[in-house]
Amino acid sequence: MFQFAIPRGSGSSTVRAVVFLTMLTILVPGAARAGKLKIVTTLPSLASITKTIGGDRVEVTAICKGYEDPHYIQPKPSYSRRLRKADLLIFSGLELEVGWLPPLLETARNSKLTPGAPGLLEASTAVEHKLEVPTGDVSRSEGDIHPFGNPHFMVDPRNGMAVAALIADRLAELDPEGADAYRSRAETYRGELTKRIAEWESLAAPLRGTPVVAYHKQWEYLTEWLGMETVGYIERKPGIPPTPRHVTDLVRTMNTREVSLILVATFMDEDAAKDIGGKTGARAVVLPAEVGGVDGTDTYVAWIDHVVRELVAE
Amino acid sequence: MTILNGTRHGVPALAALVTFLLFFPGGLAAAPVGGSTATGTSNKMNPALSLNGLFLAGWSDPAGSADGIKAQEFELVASSIVDPYFKAFANVAFDPDPAGGEAGVAVEEGYVRVLGMPEGFGLRGGRFYLPMGRHNQLHSHQFPLINAPRAVQRTLGDESVGDVGVELEYAPLLPWYVNVRLTGTDGANGLFDGESRDMAAGARLENLWDVGESATFEVAGSVLNGPIPDGDRRTLYGADARLKWHDPRKTYGKVVTWTNELLVDHVPGRKDVSGAYSILQVRFARLWWAGAGYSWDSLVPDGLARRTSENEARLQLAWVPSEFSAVRGEIGWTDPAEGDRELTAQLQLNFTIGAHPAHKY
């Protein structure tokens, strides 16, 4: 049988000090819990919808800022602390956050956010029509692809509407006293989005059939919703930078197809997009990829509105 | 690395790797999709599997063990939820072409983590890298420079030290992120007397702060204590600090990481020896990183050494075409306590295939 010996040399005082410190920190009471549901979302768009549905019964914060690329968030200590206190984590899924969320959850050590618990909600489960789901073998020879489909679905407000209903159901499950309020607000939000979707589709009607180029496979849901056709990408493959030959081929394609728009997110290389735009006459539209990506896009509706108006701007 | 199957040639290790890949359920070899109850070939429950490979070419003056081209190491990583109670992780290293001629297979880490622990607590048991300092928790493919800094090699060895035991973690809710880690392990890890019935004990206190929206600062302290012959105990102390900055508004923007670590080795009746290093890493372009490191350490006078301290400096340039591959070139200058000053040049290829879990921050 092993003996566990606490040393009696100079090391013993250090070990004892650490043990004492550990006991001290264990005894420090956690932050007092308020009555509101504490919710953390990965994306600001999910936070905006959750605030709308949850009203004054919830406290919501988003990890990702609207101007950050949600694929490559640098985990920060404050994120772990926020997750530790959360009653619910709403994330996009489809492996959008696979590079940074699992270690954060491990360091947060919140038993409410373990696999299978009601405290974890994957927003993509609300999306019926997922795009670019591989049907055969997948490999990284195609770049940094997502094996379960394109995860940038929130830019289509029809998906936002479905996600809102999913969030309302989960809030009602976690907070039954507020169930009626959540479902009522979800219904109101659905009505507002339905009306705005009709307006946006009308506004963007001239874009239907327009060939466009995108920097990254980030706008597939947007172009599909508004009936645009993506004919190429500045990235050679997802996550793989363009080569001079690829750019030459792309410029040729753009000139042949008379591409007039290049869609690029604020955090991508907009100079490359503008350079290609200069060679082809296409307009580089620098778009916020999420809520809060630029001024005036602080809500989900304001973000979609901004994106559509930027597309149709002359 | 703990050698399980030593041999003077690399063939058995490679054969073991190939065998593992072919026969591990749902391994990296092609496996049927789906499956059925009757055949038992469903792969739905297979763990996430990945393989890291490291190839190294080196030159040194005067000629030494760094010269030549070799397959440095392959690491097979598997992780999965076991059941509602446990999550498992394993890292099996294959070293087909070591300088010393002792090829083999080693379980660098293999542990289960308890799910659903009380709020703030973590518990794992099995074989894991000891939380003694920062560098010791890294696998070879995560090393910031091609080799561990000389200060770390002198104190802990050229690869991270693992041991079998349990680790309890607790992260209290304080205004900054604090994590306390306590370990109780067997002690048969190369640092202590493996024959002793006494166990080793360790602790690490980690503190992290947000510094604005772009940076994080971490300060940590470690202690590790275990038995040595004659009934005494050896104690290792460590302190480390790291500053990490990135441009959050650009996907492939600039990143700066500055890591510093101090290690002290105390054995009763002997002069303490210590070592420290500092490493700066900068991503200065989308696919390019630069790195620089300096290491100093002191030695116990033994009459053979020219003096009782030594120094090392390294410069690195890395081309990182994706998250899954990198080519790193490095030049180094070493002024050892024994022997002549040495110049080295190394080129390393690092690749990852499969579903590799995200590294802990």
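The numbers attached to residues start from 1 for each chain and follow its sequence in the written order. Chain A is the first chain written and ligand 1 is the first ligand written, with later ones labelled in order. Only residues with pLDDT of at least 70 are given local features in this predicted model, and only at 80 or more are side-chain atom pairs given and counted; all residues enter the totals for whole chains, interfaces and linings.

(A) Molecular detail of the overall build of chain A. Working definition: helices are DSSP H or I runs of at least four residues, strands are E runs of at least two. Numbering for both runs from the N terminus. Each helix and strand in chain A was counted, giving ten helices and eight strands. Once C-beta atoms have been placed from the backbone, residue pairs whose C-beta atoms lie within 7 Å are recorded as contacts. Within chain A, contacts between residues separated by at least 24 positions form 60% of all contacts whose residues are at least 6 apart in sequence.

(B) The domain arrangement of chain A, seen in detail. Residues and elements named next belong to chain A. Residue ranges assigned to each domain were obtained from an automatic or database domain assignment. For chain A, the domain assignment lists domain 1 (37–200) and domain 2 (205–312). Put simply, the middle of domain 1 and the middle of domain 2, counted by C-alpha atoms, are 24 Å apart. Counting from both sides, the interface comprises 29 residues of domain 1 and, opposite them, 27 residues of domain 2. Those elements that place two or more of their residues in the side of domain 1 that touches domain 2 are helix H2 (44–54), helix H5 (157–174) and helix H6 (179–203). Following the grouping adopted for this structure description, the nonpolar residues are Ala, Val, Leu, Ile, Met, Phe, Trp, Tyr, Cys and Pro, the charged ones are Asp, Glu, Lys and Arg, and the polar ones are all others, Gly among them. Looking at the side of domain 1 that touches domain 2 residue by residue, the class counts come to twelve nonpolar, eight polar and nine charged.

(C) Here's a closer look at the pairing of strand E11 (residues 255–266) of chain B. All names here are of chain B. Of the pairings in the sheet, the one linking strand E10 (residues 233–246) to E11 comprises twelve bridges and is antiparallel in character. Its bridge partner being in E11, Asp 240 is matched across the sheet by Glu 261. A pair of strands is considered paired only if DSSP assigns at least 2 bridges between the two. Of the pairings in the sheet, the one linking E11 to strand E12 (residues 273–285) comprises eleven bridges and is antiparallel in character. For Val 255, the partnering residue across the bridge sits in E12 and is Arg 283. Between the end of E11 and the start of E12, which pair antiparallel, lie six residues, with Gly 269 showing a positive phi angle near 85°.

(D) View of the sheet that holds strand E7 (residues 261–265) of chain A. Residues and elements named next belong to chain A. Pairing is parallel in the open sheet, where four strands are placed in the order E6-E5-E7-E8. Lying at the two open borders of the sheet, with one neighbouring strand each, are strand E6 (229–233) and strand E8 (283–287). Geometrically, the sheet is characterised by an average inter-axis angle of 30° between neighbouring strands, direction not taken into account. In the sheet, strand E5 (residues 211–214) pairs with E7 via three bridges, with the strands oriented parallel. For Val 212, the partnering residue across the bridge sits in E7 and is Leu 261. Helix-sheet contacts for helix H8 (residues 244–257) involve E5 and E6, and the interaxial angle to E6 is about 155°. Here, axes are lines fitted to C-alpha atoms. For helices the fit covers the stretch in contact, and angles between N-to-C directions go from 0 to 180 degrees.

(E) View of the sheet that holds strand E3 (residues 88–91) of chain A. Residue and element names in this part refer to chain A. Strand order in this open sheet of four strands is E2-E1-E3-E4, and the pairing throughout is parallel. A strand with exactly one partner marks an edge of an open sheet, and here the two such strands are strand E2 (58–62) and strand E4 (120–122). Neighbour-to-neighbour, the strand axes of the sheet open up by a mean angle of 20°, direction not taken into account. Looking at chain direction, strand E1 (residues 37–41) and E2 are connected through five bridges and run parallel. When the bridges of E2 are listed, Val 40 appears paired with Thr 61. Contacting E1, E3 and E4, H5 runs over the sheet at an angle of about 170° to E3.

(F) View of the packing of H6(A) against helix H10 (residues 300–312) of chain A. Residue and element names in this part refer to chain A. With their axes 10 Å apart at the nearest point, H6 and H10 run at an angle of 10° to one another. What the angle tells us is that H6 and H10 run roughly parallel. On H10, the residues touching Arg 196, Trp 200 and Leu 203 of H6 are Val 301, Ile 304, Val 308 and Val 312. Its residues assigned to classes, the contact of H6 with H10 comprises six nonpolar, no polar and one charged. Note on terminology: angles under 35 degrees are roughly parallel, angles over 145 are roughly antiparallel, angles of 65 to 115 are roughly perpendicular, and the others are oblique.

(G) Layout of helix H4 (residues 101–108) of chain A. Residues and elements named next belong to chain A. Along H4, the positions that sit buried rather than exposed are Leu 101, Leu 104, Leu 105, Thr 107 and Ala 108. Down the axis, H4 shows its buried residues gathered within 165° of arc, on one side only. If you follow the buried residues of H4, they end up packed against helix H3 (77–85) and E3. Immediately downstream of H4, the backbone of Arg 109 shows phi near 50°, a positive value. Exposed residues have 12 or fewer other C-beta atoms within 10 Å of their own C-beta, buried residues have 20 or more, and residues in between are partly exposed; the C-beta atoms are placed from the backbone. In this description, one arc is meant: the one made by directions from the helix axis to the C-beta atoms.

(H) Expanded view of the packing of H3(A) against H4(A). Residues and elements named next belong to chain A. Interhelical geometry of H3 versus H4 gives an angle of 65° and a closest axis separation of 8 Å. Note that H3 runs across H4; the crossing there is right-handed. The residues of H4 that touch H3, namely those facing Tyr 79, Ser 80, Leu 83 and Arg 84, are Leu 104, Leu 105, Thr 107 and Ala 108. Classifying every residue of the contact of H3 with H4 gives five nonpolar, two polar and one charged. Should the near helix be turned counterclockwise from the far one by less than a right angle, the crossing is left-handed, whereas a clockwise turn marks it as right-handed.

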